Amino acid sequence: MMASRSGQSLLDDFHHSYVNLFALLTPPPGPDNHNIHESEEIKVTVDQGVNKFIDTARAMETYFLQNRLMYANLKPEQVVAEEIAELDNEIMRKDEVIKKFYDKLDSWQNKESFKSKASSSSSSSSSSLFPPPQPPSSSSSSSSAAAASAGVATTQPPIPTSGDSGPSSSGGYNN
């Protein structure tokens, strides 16, 4: 069985099947190119090479998965530590993306405010087109408080009470 072989033997088999596959796909160098094989023969040979490559790749994958499973059973705390490190890296990467987004937003706001100042130098407005970006905070706040801090009006239509029958013909609610 292939899975019982050592990792080095599997790696050698994988390398040989990779080299053989590409040797089948490339024509040999030199003046011997006039000897063209039958297309069916080439197709069968390439299919066999691809199948051998896929089989050795699967055997290597099985070997590594078995070793990973054995490692996870022997040292589960190490696996958890690796997952935590991966999550920390992902959070850092996403924070960088957010920072770049805010930098671009500031840049565009500055360009827009400069453009509006240049086009209307006689009238100056104190409000900008967009509110300044607020970095994400870890504290929990309601959406209306966040909208109020961003300068967005949060008016909501009245909610009918249980005695209301819905909108009337005059456009309001019946009481």
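Residues numbered from 1 in each chain as written. Predicted model: local features only at pLDDT ≥ 70, side-chain atom pairs only at ≥ 80, totals over all residues. Heavy atoms only, no water.

Let's talk about the overall build of the protein chain
- A tally of helices and strands in the protein chain yields 4 helices and 0 strands.
- If you list the helices and strands of the protein chain from N to C, you get α-α-α-α.
- Contacts in the protein chain between residues far apart in sequence, at least 24 positions, make up 52% of those at least 6 positions apart.
- Element-wise, carbon and sulfur atoms account for 59% of the exposed surface of the protein chain, whose accessible area totals about 14,700 Å². (Helix = DSSP H or I, 4+ residues; strand = E, 2+ residues; numbered from the N terminus. Contact = heavy atoms within 4.5 Å. Areas by Shrake-Rupley, 256 points an atom, 1.4 Å probe, with all protein chains shown as cover.)

A short note on helix H2 (residues 39–74)
- Its 36 residues place the ends of H2 52 Å apart at the C-alpha level, agreeing with the 52 Å of an ideal helix rising 1.5 Å per residue.
- For H2, every residue scored as buried is listed here: Val46, Gly49, Thr56, Ala59 and Met60. (Expected span 1.5 Å × (residues − 1). Buried < 20%, exposed > 50% of the residue type's maximum accessible area, 1.4 Å probe, protein only.)

What to know about the side chain of Thr56
- Its location among the elements puts Thr56 in helix H2.
- Apart from residues no more than four positions distant in its own chain, Thr56 is found in contact with Asp13, Phe14 and Ser17.

Considerations on the environment of Glu82
- Residue position: Glu82 is located in helix H3 (residues 76–119).
- Leave out the neighbours within four places in its chain, and Glu82 touches Arg68 and Tyr71.

Re a nonpolar patch on the surface
- A cluster of nonpolar side chains, Tyr18, Val19, Phe22, Leu24 and Leu25, forms an exposed patch at the surface whose accessible area comes to about 440 Å².
- Counting through the fold element by element, Phe22 comes out in helix H1 (residues 7–25). (Patch = residues over 30% accessible without salt bridge, like charges linked within 9 Å, V, L, I, M, F, W, Y side chains within 5 Å. Salt bridge = Lys/Arg side-chain N within 4 Å of Asp/Glu carboxyl O.)

Topic: the packing of aromatic side chains
- In the structure shown here, the tally under the stated rule is 5 aromatic pairs.
- Stacked on the ring of Trp108, the Lys or Arg Lys111 has its end atom at 4.8 Å from the ring centre. (Phe/Tyr/Trp six-rings, centres within 6.5 Å; stacked < 30°, edge-to-face > 60°. Lys NZ or Arg CZ within 6 Å of the ring centre and 35° of its normal.)

Digging into the side chain of Ser17
- Relative to the helices and strands, Ser17 resides in helix H1.
- A polar atom in the side chain of Ser17 sits 2.9 Å from the backbone oxygen of Phe14.
- The residues contacting Ser17, other than those within four sequence positions of it, are Lys52, Phe53 and Thr56. (Polar contact = N/O pair within 3.5 Å; in protein donor to acceptor, adjacent residues only side chain to side chain.)

A closer look at the packing of H2 against H3
- With their axes 5 Å apart at the nearest point, H2 and H3 run at an angle of 105° to one another. Viewed along their axes, H2 and H3 adopt a mutual orientation that is roughly perpendicular. Residues Arg68, Tyr71, Ala72, Asn73 and Leu74 of H2 form the contact with H3, whose participating residues are Pro76, Gln78, Val79 and Glu82.
- Classifying every residue of the contact of H2 with H3 gives 5 nonpolar, 2 polar and 2 charged. (Axes fitted to C-alpha atoms, helices over the stretch in contact; angles between N-to-C directions. Parallel < 35°, antiparallel > 145°, perpendicular 65-115°, else oblique. Nonpolar A, V, L, I, M, F, W, Y, C, P; charged D, E, K, R; others polar.)

Here we look at the pattern of salt bridges
- Per the stated rule, a full pass over the model turns up 3 salt bridges.
- Salt-bridge contacts for Arg68 lead to Glu82; the nearest nitrogen and oxygen are separated by 3.0 Å. Of this pair, Arg68 sits in helix H2 while Glu82 is found in helix H3, placing the two residues 14 residues apart along the sequence.
- For Glu82, a relative accessible area of 27% corresponds to the partly exposed category.
- Here Glu90 ties to Lys94 by a salt bridge, and the two come within 3.1 Å at their closest N and O atoms. Highlighted residues: Glu90 and Lys94, both in helix H3, separated by 4 residues, approximately one helical turn.

Digging into the confidence of the model for the protein chain
- Taken as a whole, the protein chain shows an average pLDDT of 75; of its residues, 59% reach a score of 70 or greater.
- H3 holds the highest mean pLDDT among the elements of the protein chain, 92, whereas helix H4 (residues 143–149) holds the lowest, 48.
- Here residues 140–150 scores under 50 on pLDDT; set against residues more than four positions off or in separate chains, the count is 4 contacts. (pLDDT = per-residue confidence, 0-100.)

Re the environment of Tyr18
- Along the chain, Tyr18 turns up in helix H1.
- Between the alpha carbons of Tyr18 and Phe53 there is a distance of 6.2 Å; along the sequence they are 35 residues apart.

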